[in-house]
Amino acid sequence: MSVILPYEMPALVTTAPLDVHRSTVLPEWVDWNGHMNLAFYVTAFDQASGAFMRNIGLGRRYVDGKHGMTFVLETHVTYDREMKGGAPMRFTTQLLDRDAKRVHLFHEMFHADEGYLAATNETIVMNIDFASRKSAPWPQQAAERLEQVWQAHQHLPRPAKAGRVMGLKKK
Amino acid sequence: MIEADPGAPLDIHRATVLPEWIDWNGHMNVGFYVVAFDKATDTLCNQFGVSWEYTREKIGMTFVIEAHVTYDREVKEGDPLRITTQLLDYDAKRVHYIHAMYHATEGYLAATNELMLMNIDFATRRSAPWPDWAMPRIEKMAEAHKHLPRPAQAGRIIGIKRKQP
């Protein structure tokens, strides 16, 4: 049985891809190589996943109200170009697939001024019941909103970097 | 340069989950698993003689070009971590390896991290062959690790797996 959330939902954004999340590379994300450390790309992308979740109604109130949580199960990052401290970031997010409990997302991170692609992140996020910390179906409003987002995203071309297997390509 | 560890997999890296690695869900945040794994990569690079001093002396750097993480189980603040590393492949400029993170006392698998790491010339910030001292060390580790079974988490494609009707 899915949960019905007691709080008001934000206006739903159905642009495809979702293009709302903006951020800045923090000084503490820079490592001894003088660029954003690989781990903080994952942190930055996790915040973009957070923006996707807020759009379907699962923001901070979802966790603070002890209704539920969302956990990342798996994530794949391609590091395409360096980002320095203070660099502005723009994220786009494409919904690649969904089921009763999970979403499969594809994020792209761009340098917001220079426009270049800095990294991509493909990720699976699962809905979690707050009390049991086990997987659970999306709350009712979130499931409905997810379907509307899916209607808008399902015809986007599949990104070339989705579904990658890591390995050394030998000549 | 330190003496190379002959273990297969490499099993020397230990750490503890720091308070600042915990998020609002009350467990280690996704990004900090990668911080913890990156420190295990420093331990690996130290085996090859291409760790902190390599960059401090402006000889070279190593950049991760691709990463895949499976989050298998939660870890909490203060939990002790044991991270093992298996070399999967290498070439003149790159190494391909997978880390496995275990809860050090309870023994369960918490996460895996498959990575592609590239050697970088300090001045040009472009890819470059491994330095002379590193290559024999990489080859030696590859030889020691080549008979290890390939972990199920290596080479994964991300997707929602549906049960057959």
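Every value quoted in this text rests on a predicted model; they were computed, and no experiment measured them.

Caption draft 1: Quick peek at the pairing of strand 2 (residues 68–79) of chain A. In terms of burial, strand 2 of chain A is a largely internal element, 10 of the 12 residues being buried. The pairing of strand 2 of chain A with strand 5 (residues 117–129) of chain A spans 11 bridges and is antiparallel. Bridge pairing links Met69(A) to Ile128(A) in strand 5 of chain A. Sheet topology note: the strand 2 of chain A/strand 2 (residues 60–71) of chain B ladder contains 5 bridges and is antiparallel. Along strand 2 of chain B, the bridge assignment pairs Thr75(A) with Val69(B).

Caption draft 2: Fine view of the nonpolar core. Residue and element names in this part refer to chain A. Counting 78 residues, the largest nonpolar core has Phe52, Met83 and Met109 as the members making the most contacts within it. Beyond its immediate sequence surroundings of up to four residues, phenylalanine 52 is in contact with Leu18, Thr93, Leu95, Val103, Leu105, Leu146 and Val149. Grouped together as the second largest cluster of nonpolar side chains are 5 residues, Met69, Phe71, Met126 and Ile128 included.

Caption draft 3: Looking closely at the interface of chain B and chain A. With 45 residues of chain B at the contact, the number on the chain A side is 44 residues. Three residues, Glu66(B), Ile158(B) and Ile160(B), lead the burial of chain B against chain A; their summed loss comes to 19% of the area buried on that side. For the pair chain B and chain A, the number of links is 5 salt bridges. A salt bridge links Arg162(B) to Asp97(A); its shortest N-O distance comes to 2.9 Å. Taken together, the links from chain B to chain A amount to 19 residue pairs in polar contact (both at pLDDT 80 or more). Those elements giving two or more residues to the side of chain B that touches chain A turn out to be helix 1 (30–48), helix 2 (52–56), strand 2, strand 3 (80–90), strand 4 (94–103) and strand 5 (109–121) of chain B.

Caption draft 4: Summary view of the packing of helix 1 of chain B against helix 3 (residues 134–145) of chain B. All names here are of chain B. Two elements in contact, helix 1 and helix 3, have axes separated by 8 Å at closest approach and are oriented at 115°. Judged on the interaxial angle alone, helix 3 and helix 1 are roughly perpendicular. Of the residues in helix 3, those in contact with Leu44, Gln47 and Phe48 of helix 1 are Ala134, Arg137, Ile138 and Met141.

Caption draft 5: Quick peek at helix 3 (residues 140–153) of chain A. Residues and elements named next belong to chain A. Taking 1.5 Å as the rise per residue, helix 3 with 14 residues should run 20 Å; its terminal C-alpha atoms sit 20 Å apart, in good agreement. Listed as buried for helix 3 are Gln141, Ala142, Arg145, Leu146, Val149, Trp150 and His153. Where helix 3 is buried, its residues touch helix 1 (38–55), strand 3 (88–98) and strand 4 (102–111).

Caption draft 6: Broad picture of the sheet that holds strand 5 of chain A. One open sheet holds the 10 strands; their spatial order is 1(A)-3(A)-4(A)-5(A)-2(A)-2(B)-5(B)-4(B)-3(B)-1(B), and the pairing between them is antiparallel. Pairing within the sheet leaves two strands with one partner each, and these edge strands are strand 1 (22–24) of chain A together with strand 1 (10–16) of chain B. Direction aside, the axes of adjacent strands within the sheet are offset by 30° on average. By the bridge criterion, 5 bridges tie strand 1 of chain B to strand 3 of chain B in an arrangement that is antiparallel. When the bridges of strand 3 of chain B are listed, Arg14(B) appears paired with Arg82(B). Contacting strand 2 of chain A together with strand 1, strand 2, strand 3, strand 4 and strand 5 of chain B, helix 1 of chain B crosses the sheet at an angle of about 125° to strand 4 of chain B.

Caption draft 7: Quick peek at helix 1 of chain A. Residue and element names in this part refer to chain A. Spanning 18 residues, helix 1 covers 26 Å between terminal C-alpha atoms, matching the ideal 26 Å at 1.5 Å per step. Burial within helix 1 is extensive, with 14 of its 18 residues counted as buried. Its side-chain oxygen placed 3.0 Å from the backbone nitrogen of alanine 39, asparagine 37 serves as the N-cap of helix 1.

Caption draft 8: Region of interest: the packing of aromatic side chains. Counted by the stated rule, this structure contains 8 aromatic pairs over all chains. With a centroid separation of 5.7 Å and 75° between ring planes, the pair formed by Phe45(A) and Phe91(A) is classed as edge-to-face. Linking Phe45(A) in helix 1 with Phe91(A) in strand 3, this pair joins segments that are 46 residues apart in sequence. Here the two residues Phe45(A) and Phe91(A) agree in accessibility, since each one is buried. Geometrically, the ring pair formed by Tyr54(B) and Trp133(B) is edge-to-face, given 6.1 Å between the ring centres and 85° between the ring planes. You can see Tyr54(B) sitting in helix 2 and its partner Trp133(B) sitting in the loop between strand 5 and helix 3, a full 79 residues away along the chain. A network of ring pairs unites the aromatic residues Trp29(A), Phe40(A), Trp21(B) and Phe32(B) as a single cluster. In this structure, Arg81(A) is placed above the aromatic ring of Tyr116(A), and the distance from its NZ or CZ to the ring centre is 3.7 Å. In this structure, Arg73(B) is placed above the aromatic ring of Tyr108(B), and the distance from its NZ or CZ to the ring centre is 3.8 Å.

About the criteria used
- Residues numbered from 1 in each chain as written.
- Chains lettered and ligands numbered in written order.
- Predicted model: local features only at pLDDT ≥ 70, side-chain atom pairs only at ≥ 80, totals over all residues.
- Heavy atoms only, no water.
- Buried < 20%, exposed > 50% of the residue type's maximum accessible area, 1.4 Å probe, protein only.
- Helix = DSSP H or I, 4+ residues; strand = E, 2+ residues; numbered from the N terminus.
- Pairing = 2+ DSSP bridges.
- Core = buried A, V, L, I, M, F, W, Y, C linked by side-chain atoms within 4.5 Å.
- Contact = heavy atoms within 4.5 Å.
- Buried area = accessible area lost by both parts, 1.4 Å probe.
- Salt bridge = Lys/Arg side-chain N within 4 Å of Asp/Glu carboxyl O.
- Polar contact = N/O pair within 3.5 Å; in protein donor to acceptor, adjacent residues only side chain to side chain.
- Axes fitted to C-alpha atoms, helices over the stretch in contact; angles between N-to-C directions.
- Parallel < 35°, antiparallel > 145°, perpendicular 65-115°, else oblique.
- Expected span 1.5 Å × (residues − 1).
- Phe/Tyr/Trp six-rings, centres within 6.5 Å; stacked < 30°, edge-to-face > 60°.
- Lys NZ or Arg CZ within 6 Å of the ring centre and 35° of its normal.

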